[in-house]
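# Structural description and commentary
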Amino acid sequence: STEEYEVVVTLTRTDATTISQNVVITKIGASTSEADGVAKFTNTFTLNAVPFKVIGTKNLVDIDNRPLAIKNGQFTFNMYQTGSDFSVPAGTTAIQARNVGNQFTLQDTITTAGVYYYVIEEANENVLGMQYDSTRYHATVVVGEASNGLDLEIKSQTIVKVGGAGNTNVEFNNKYVPAPK
């Protein structure tokens, strides 16, 4: 024989990551409901991720401090997710970006609320005559639930030049000094 049932699942969000459920199963043509628990459902709720994006500037000058043209992809920039001490353990994988003109964009996708820490630096690619900028930046990003209850959002972000003060733009300045002939 074939029996048909109507299953009504009511989901109620109780906090950012928990959903409670009520299940009512009714046999079609019957007047009684079977007890909750006959069918078990597991539901999870995940807030939509938020991108953390750093847009930086790259400057290049010659030995006389005259601006030089920068080729797309000429320089590489690294962003490391760290702990609150901003130390980058050996073997940590970098989020990398290459320049487009004199700009670059580093981006991470954040999937849970919390406080995130990053170190941002330019990669030294050992090009003969290039004096690389060794500046490091520390970024602190606070992520929480958006008011719509569906998304994460960046509540605050601070980028500080190591040895500098306050919130700042990310900028790297190199000088190219060709080898003597």
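Rules of the game
- Residues numbered from 1 in each chain as written.
- Predicted model: local features only at pLDDT ≥ 70, side-chain atom pairs only at ≥ 80, totals over all residues.
- Heavy atoms only, no water.
- Pairing = 2+ DSSP bridges.
- Helix = DSSP H or I, 4+ residues; strand = E, 2+ residues; numbered from the N terminus.
- Phe/Tyr/Trp six-rings, centres within 6.5 Å; stacked < 30°, edge-to-face > 60°.
- Buried < 20%, exposed > 50% of the residue type's maximum accessible area, 1.4 Å probe, protein only.
- Lys NZ or Arg CZ within 6 Å of the ring centre and 35° of its normal.
- Polar contact = N/O pair within 3.5 Å; in protein donor to acceptor, adjacent residues only side chain to side chain.
- Contact = heavy atoms within 4.5 Å.
- Salt bridge = Lys/Arg side-chain N within 4 Å of Asp/Glu carboxyl O.
- Core = buried A, V, L, I, M, F, W, Y, C linked by side-chain atoms within 4.5 Å.

One open sheet holds the 4 strands; their spatial order is β7-β4-β12-β9, and the pairing between them is mixed. Looking at strand neighbours, the two that pair on one side only are β7 (103-110) and β9 (130-131), the edges of this open sheet. Inspection of the sheet shows β9 paired to strand β12 (residues 171-176) by 2 bridges, in the antiparallel sense. Residue pairing for β12: M130 is matched across the bridge by Y176.

Take the packing of aromatic side chains next. Counting across every chain of the model gives 7 aromatic pairs. Residues F86 and Y117 carry aromatic rings whose centres are separated by 5.6 Å and whose planes lie at 90 degrees to one another, so their mutual orientation is edge-to-face. Taken as a pair, F86 in the loop between β5 (76-82) and β6 (95-98) and Y117 in strand β8 (residues 114-122) lie far apart in primary sequence, 31 residues in all. Taking relative accessible area as the criterion, F86 reaches 15% and is therefore assigned buried. Three or more aromatic residues joined by ring pairs form one cluster here, namely F77, F104, Y137 and F172. It is K58 that lies over the ring of F75; its NZ or CZ is 4.5 Å from the centre.

A separate point is the side chain of D62. As for its position among the elements, D62 is in the loop between β4 (50-61) and β5. Engagement of the side chain of D62 in a polar contact is seen with the side chain of R66, the distance being 2.8 Å. Non-local contacts of D62, meaning those with residues more than four positions away in its chain, are made with L68, K175 and Y176.

Here the focus is the pattern of salt bridges. Applying the stated criterion to the full structure yields 6 salt bridges. Two residues, D64 and R66, come together in a salt bridge whose shortest N-O distance is 3.4 Å. Linking E125 and R98 is a salt bridge whose minimum nitrogen-to-oxygen distance equals 3.4 Å. With E125 in the loop between β8 and β9 and R98 in strand β6, this pair connects stretches of sequence that are 27 residues apart. A residue is classified by how much of its surface remains accessible, and R98, at 42% relative accessible area, is partly exposed. Ionic contacts of the salt-bridge type, sharing partners, join the residues D62, D64 and R66 into one network.

Further remarks concern the nonpolar core. Within soluble globular proteins, side chains that are nonpolar tend to cluster in buried spots. Of all hydrophobic cores here, the largest spans 26 residues; its most connected members are F52, V54, L106, I110, Y118, I120 and V170. If you list the elements that add at least two residues to this core, you get β4, β5, β7, β8, β10 (136-145) and β11 (152-161). In this structure, V54 is in contact with M79, F104, T105, L106, I120, I159 and V170, ignoring residues within four places of it in sequence.

By themselves, these are just geometric observations and shouldn't be taken as functional.
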